[in-house]
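Overview (structure and organization)
Spelled out, the chains give:
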Amino acid sequence: MGKKLFIFFFVLVNIFSYSQNISEKGSPYIKNYLPKDYGNHGKIWAISSARNGLVYMASDNGLLEFDGKKWLRFRAYSGSTRSLFLRNDNSISIGADMDFGLWEKDKLRKFTYQSLYPFKNTATAGNEEFWGTYALLNKQIFVSHQNIYSISNRKITKIAAPYEFSRSFELDGTVYLADAKKGFYRLKETSLELIFKFPNESPLKIAGVFKIQENLYIVTENKGIFHFSQGKLSPFSTPVNSEVAKHRVFSFTTINKKYLAFGTILNGLYITDLKGNIIQHINKEKGLLNNTVLSMHFQKNGKLWLGLDHGISVINVGDEVTYFNEDQSNIGTANTAVLNDNVFLIGTNQGLYTANWNELNNKNSHKQLFQLIPGSEGQVWTLKKTENRILCGHDTGLYEIKGSSFTQISNRPGIMCLLQNGNFLFAGNYSGIAVFEKKGDEWVFLKKMKSILGAVSQLVQENDTTFWANLPNYGILRFTLNQNLEPENRKIFFSKKFSGYFPHLYKSDQGIQLKTSTAQYHFRRKKKDFVREIVSEPNSIINNVINGFYRPIMLNENFGFYGIDNGFALENFASTEKAVRFSSALQIRDASAFNNDKTKPLFVNEKLPYRLNNIRISYILPNEDGVQYQYFLENFSQQWSSWSKETDVDFVNLHEGEYALKVRAKKDSEISELSEFPFTILPPWYRSIWSYALYLMIVAVLFYVLRKNQQNKLRLQKMKLLKKERASLRKQAERHRQELMWQEHKILEEEKELLKNQVKNKTIELAKKAKEDDDKSRLLHSLKDKISEAETNPVISNIKWKEMRKLLDCYLEIEDDTFEIQMDELHQEFFKSLKERFPQLSIYDLRLCAYLKIGLHSKEMADILHVLPSSINVSRSRLRKKLNLRPDEDLFEFLNKF
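What you see is a predicted model; the values in this text were computed from it and never measured.

1. Digging into the overall build of the chain
For the chain, the helix and strand inventory stands at 11 helices and 62 strands. Rg of the C-alpha trace for the chain: 57 Å, well past the compact-globule value of 29 Å for 898 residues, more than 25% over. Projected onto its principal axes, the C-alpha positions of the chain cover 200 × 105 × 60 Å. Each of the 898 residues in the chain was classed as buried or not, and the buried ones make up 46%. Taking the intrachain contacts of the chain between residues at least 6 apart in sequence as the baseline, contacts between residues at least 24 apart amount to 48%. Accessible surface, the chain: about 48,900 Å² in total, of which carbon and sulfur atoms supply 51%. Both charge centroids of the chain, one from 123 positive and one from 99 negative side chains, sit 6 Å from each other.

2. Some words on the packing of aromatic side chains
For the structure shown, the criterion picks out 62 aromatic pairs. Seen from their ring centres, phenylalanine 498 and tyrosine 521 are 5.1 Å apart, and the 75 degrees between their planes marks the pair as edge-to-face. Residue phenylalanine 498 is located in the loop between strand S46 (487–494) and strand S47 (504–508), and its partner tyrosine 521 is located in strand S49 (residues 520–524); the two are separated by 23 residues in the primary sequence. Here phenylalanine 498 and tyrosine 521 have matching classes, each one buried. Members of the aromatic cluster, each reached through a chain of ring pairs, are Phe324, Phe344, Trp357, Phe370, Phe549, Phe559, Phe561, Tyr562 and Phe568. Positioned over the ring face of tryptophan 357 is lysine 25, at 4.6 Å from the centre of the ring. Taking the ring centre of phenylalanine 493 as reference, the NZ or CZ of lysine 491 above it sits at 5.5 Å.

3. Brief notes about helix H10 (residues 869–882)
Counted at 1.5 Å a residue, the expected span for H10 with its 14 residues is 20 Å, and the 20 Å between its end C-alpha atoms agrees. Within H10 the residues assigned to the buried category are Ile872, Ser875 and Leu879. Take H10 and look down its axis: the buried residues cluster within an arc of 60 degrees, on one side only. Set apart from the buried face of H10 by more than 90 degrees, the exposed residues are Arg878 and Lys881. Buried residues along H10 sit in contact with helix H8 (843–853), helix H9 (858–865) and helix H11 (891–895).

4. Observations concerning the sheet that holds strand S22 (residues 232–235)
Here we have 4 strands laid out as an open sheet, ordered S19-S20-S21-S22, and antiparallel in their pairing. The sheet terminates laterally at strand S19 (206–212) and S22, the two strands that pair on one side only. The sheet shows a mean angle of 25 degrees between the axes of neighbouring strands, taken without regard to direction. In this structure, strand S20 (residues 215–220) lies alongside strand S21 (residues 225–229), joined through 4 bridges in antiparallel fashion.

5. Thoughts on the packing of helix H7 (residues 828–837) against H8
Viewed as axis vectors pointing N to C, H7 and H8 meet at an angle of 125 degrees, and their least axial separation amounts to 10 Å. In terms of orientation, H7 lies oblique with respect to H8. For the pair H7 and H8, the sense of crossing is right-handed. Contacts between H7 and H8 pair Phe830, Phe831, Leu834 and Lys835 from the former with Leu846, Arg847, Cys849, Ala850 and Lys853 from the latter.

6. Brief notes about the pattern of salt bridges
Counting across every chain of the model gives 27 salt bridges. A salt bridge links lysine 303 to aspartate 625, with the shortest nitrogen-to-oxygen separation between them at 3.2 Å. Placement of lysine 303 in strand S28 (residues 303–308) and of aspartate 625 in the loop between strand S57 (614–620) and strand S58 (627–633) is noted, with a sequence separation of 322 residues between them. The exposure class of lysine 303 is buried, given its relative accessible area of 9%. According to the relative accessible area criterion, aspartate 625 is partly exposed, its value standing at 38%.

7. Focus: a nonpolar patch on the surface
A cluster of nonpolar side chains, Trp685, Tyr686, Tyr692, Leu694, Tyr695, Ile698, Leu702 and Leu706, forms an exposed patch at the surface whose accessible area comes to about 850 Å². Structurally, tryptophan 685 can be placed in the loop between strand S62 (675–681) and helix H4 (689–792). Take tryptophan 685: its relative accessible area is 65%, and that puts it in the exposed class.

8. Remarks on the nonpolar core
One finds Phe344, Leu360, Phe370, Leu555, Phe561, Phe568 and Leu570 to be the most contacted residues of the largest nonpolar core, which totals 27 residues. At the level of elements, strand S30 (321–325), strand S31 (334–340), strand S32 (343–348), strand S33 (352–356), strand S52 (559–564) and strand S53 (567–572) are the ones that each hand at least two residues to this core. With 4 residues, S52 is the single largest residue contributor to this core. In contact with phenylalanine 568, not counting residues within four places along its chain, are Thr322, Tyr323, Phe324, Ile331, Ala334, Phe344, Ile346, Phe370, Phe561 and Tyr562. Core analysis: the second largest hydrophobic core is formed by 26 residues, Leu608, Tyr629, Leu633 and Tyr659 among them.

9. Section: the sheet that holds strand S16 (residues 174–179)
Read across the open sheet, the 4 strands follow the order S15-S16-S17-S18; overall the sheet is antiparallel. For this open sheet the edge positions go to strand S15 (165–171) and strand S18 (191–196), each flanked by a neighbour on one side alone. Across the sheet, the mean angle from the axis of one strand to that of its neighbour is 30 degrees, orientation sign disregarded. In terms of strand pairing, S15 meets S16 through 6 bridges, oriented antiparallel.

10. Brief notes about the pairing of strand S60 (residues 657–667)
Where burial is concerned, most of S60 is hidden: 8 out of the 11 residues are buried. Relative to S62, S60 is paired through 7 bridges, and the arrangement is antiparallel. Its bridge partner being in S62, glycine 657 is matched across the sheet by isoleucine 681. Taking the residues between adjacent antiparallel strands as the criterion, S60 and strand S61 (residues 670–671) are bridged by 2 residues, where aspartate 668 takes a positive phi near 55 degrees.

11. What about the side chain of glutamine 630?
Relative to the helices and strands, glutamine 630 is located in strand S58. For glutamine 630, a relative accessible area of 7% translates into the label buried. Within the structure, the side chain of glutamine 630 is placed 2.8 Å from the backbone oxygen of serine 641, a separation counted as a polar contact. Separated by 2.8 Å, the side chains of glutamine 630 and arginine 664 make a polar contact. The contacts of glutamine 630, once residues within four sequence positions are left out, are Trp640, Ser641, Trp643, Lys662, Val663 and Arg664.

12. A closer look at the environment of leucine 108
With respect to the secondary-structure elements, leucine 108 resides in the loop between strand S9 (99–105) and strand S10 (111–115). When its relative accessible area of 22% is taken as the criterion, leucine 108 is described as partly exposed. As for leucine 108 and proline 839, which are separated by 731 residues in sequence, their C-alpha atoms are 104 Å apart. Ignoring any residue separated from it by four or fewer positions in sequence, one finds leucine 108 in contact with Pro601, Leu602 and Phe603.

13. Concerning a positive patch on the surface
Together, Lys713, Lys720, Lys723, Lys724, Arg726 and Arg730 line one region of the surface with positive charge. One can find lysine 723 in helix H4.

14. Things to note about the pairing of S21
Where burial is concerned, most of S21 is hidden: 4 out of the 5 residues are buried. In this structure, the hairpin formed by S20 and S21 is closed by a connection of 4 residues, where glycine 224 is found at a positive phi of approximately 85 degrees. Here S21 hands over to S22 after 2 residues, with glutamine 230 in that stretch at a positive phi of 55 degrees.

What counts and how
- Residues numbered from 1 in each chain as written.
- Predicted model: local features only at pLDDT ≥ 70, side-chain atom pairs only at ≥ 80, totals over all residues.
- Heavy atoms only, no water.
- Helix = DSSP H or I, 4+ residues; strand = E, 2+ residues; numbered from the N terminus.
- Rg over C-alpha atoms; globule rule 2.2 N^0.38 Å.
- Buried < 20%, exposed > 50% of the residue type's maximum accessible area, 1.4 Å probe, protein only.
- Contact = heavy atoms within 4.5 Å.
- Areas by Shrake-Rupley, 256 points an atom, 1.4 Å probe, with all protein chains shown as cover.
- Lys, Arg positive; Asp, Glu negative; His and termini not counted.
- Charge placed at Lys NZ, Arg CZ, Asp CG, Glu CD.
- Phe/Tyr/Trp six-rings, centres within 6.5 Å; stacked < 30°, edge-to-face > 60°.
- Lys NZ or Arg CZ within 6 Å of the ring centre and 35° of its normal.
- Expected span 1.5 Å × (residues − 1).
- Arc of directions from axis to C-beta.
- Pairing = 2+ DSSP bridges.
- Axes fitted to C-alpha atoms, helices over the stretch in contact; angles between N-to-C directions.
- Parallel < 35°, antiparallel > 145°, perpendicular 65-115°, else oblique.
- Left-handed = near helix turned anticlockwise from the far one by under 90°.
- Salt bridge = Lys/Arg side-chain N within 4 Å of Asp/Glu carboxyl O.
- Patch = residues over 30% accessible without salt bridge, like charges linked within 9 Å, V, L, I, M, F, W, Y side chains within 5 Å.
- Core = buried A, V, L, I, M, F, W, Y, C linked by side-chain atoms within 4.5 Å.
- Polar contact = N/O pair within 3.5 Å; in protein donor to acceptor, adjacent residues only side chain to side chain.

Coordinates in, geometry out; function isn't part of it.
Structure (structure tokens):
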């Protein structure tokens, strides 16, 4: 059991400990905030951070709060805020001009102020400025130049200064006070205990105190560091003493009890180890806004906050990445580097520079460290270390560096990358790949690969025979080499295949990888294609890194090199002993419910009316860099959101119910604990419990009324049914009568049609009979006349017999119009109507119309008219044209309309 507890304690300590070394090479990254960035609230006199990661500052214009993204100001008194002490995440003690008191957060995360100064509204208090604020056990302590106010159990004890307090400090639970004339004191309960008097009655201007192994050290403004031991004060001789004495210390703090930080008035910040050896010197030349450091605070996430005379600077002293900016070193934009023993070579857009690696620290100006190698002026693309020889790919060709000499091997322009393969050296350049062969101790140009044209910025070897080439703005080429060192089996992957820009090839244990500005790809040999890997949005740890510089150039096992826009950066892989990724918990910074007319602050577990069912929540991991966030709203979200840098989320038109927003953060590959914000949306009034009860009562009443009404309706319906049945019987009788009438009408219509057909047939027969009778009558009369003539005149009898024979033959052949005349007489009205409308119709056309109207067929009409049936069809067609009939109109129906 004891062993398990020990292991648990060890793991816990390692999780929450922060023990990072500060690199001596280069400058840590500095983030500057101008006064306008935080509202022009004047100078910053004190800085502190809460456990939740929020940073608080005492300014000329109130208390400032900063979460890394948003600034807030709180003020409830007229004077400047001079000091502060964070009692916890929700309670802050402050000292101000003519006031001191307590800021406390309410359930809506808003600060309210309570003044504790007993003489605030009196004229006899004098002008007290409270430059020291502390909390010891159950006491609150406020220190002005004139007095100490100790508050315990609502009782205030006032302790006067021996002469005048110049500074006060808290160290290991003890408050120390420097009197301007009398000496150095510690506060014991309600009295002052003298630690030492100033030597030789010469006051020391004390700027800070610290301990090393229970030994007390005093930092002065202009006389360096002193050591107090066994009642004796003596100078502490360190390398930094002369610098801090010369430039006057104004502020001081320790960093993890491993480093000392001195903020000066004249020359910025000095960071030393516990022996006073300078590790970092950062001033305006190296990135600060100015050289006067008024206040300092080291946050447990590795950031050192500086309140400057004009603005605020934040230094990532615990970061493993340091920077050499061009305005400090004057070398330009670096593209490549190599470390050869103790010689550091850097290729930039201005040329090739060299520096002593061991002297590459931040004690002195960077401009003194780098020297340009003569003859190397111009763009340097790549440096390659081969067998203790260093080759340089330059805009003007291939060079070898020997000491300070810069010797040209080839004048082929634009050597952008180098790859050695045995005795051959492949050089990617502006126009393809050049091949060099090693002969003896020299590299000699052999040939140019014929089938690869255009610029080649990268060459990567996959195996003995397979190679890759990066062709900028075109694509990625995979190929093998034959015995003549010519590419074969070429496969091109065009740039448009990959998401993002600036592709970079490299080989890892998993094989060939490709990285772009927005995506990561892995080459699958079985598929012979690149497959995109699912990774979150990339977070580069390097600020202002050059496009496409995703991986460091390894200088040795401890340091990696990155090119940045205005210099270069170094990543120290050995500097991190145990870095805390999440030094604080993710915070819900703000929550509100809103609609078109109103916005209301929202607190945890609040129950909101339905009209405010739109929610906006802000969250952040305070003052952490490179963080992404993911959220999930219970009873709403289907899955976790995508990782994003956004710190605000809106939910619109939420239904009533209980919700809980869960948020988590990710930095690199580590994911934080969840932060939750529960709340409830109440149903609208018409869906509340009381409404449902009312609805139930209404339903019951309605049911009763409806039941009664239904019973009445049933009685009425029975009466109506009887009436309906009677009416129905009457309707059925009427319907039956109408059906009989319809049947009778139908029979009459059929009889009418039959009679009509009979009339037609009788008319035809009559017409034919009349014609025959007429023909016979005329023939008989003619024959009678001829016989009479023959009887009266026998001489001509033979002639008359011939005439009678001829007459009989003639009457048999000659067409007689008797039938037509009778038809004409029968259809006089019909002919008249047709003639009025169609005057162009002939007698033949009119007769044809009459025949058609009475329903004669073509054959019947042909027999009457002594013509062929085909002639009748032709006549009908002509008749249709004269009548202007369309092809779809029926001639019979048309004629029967007249």
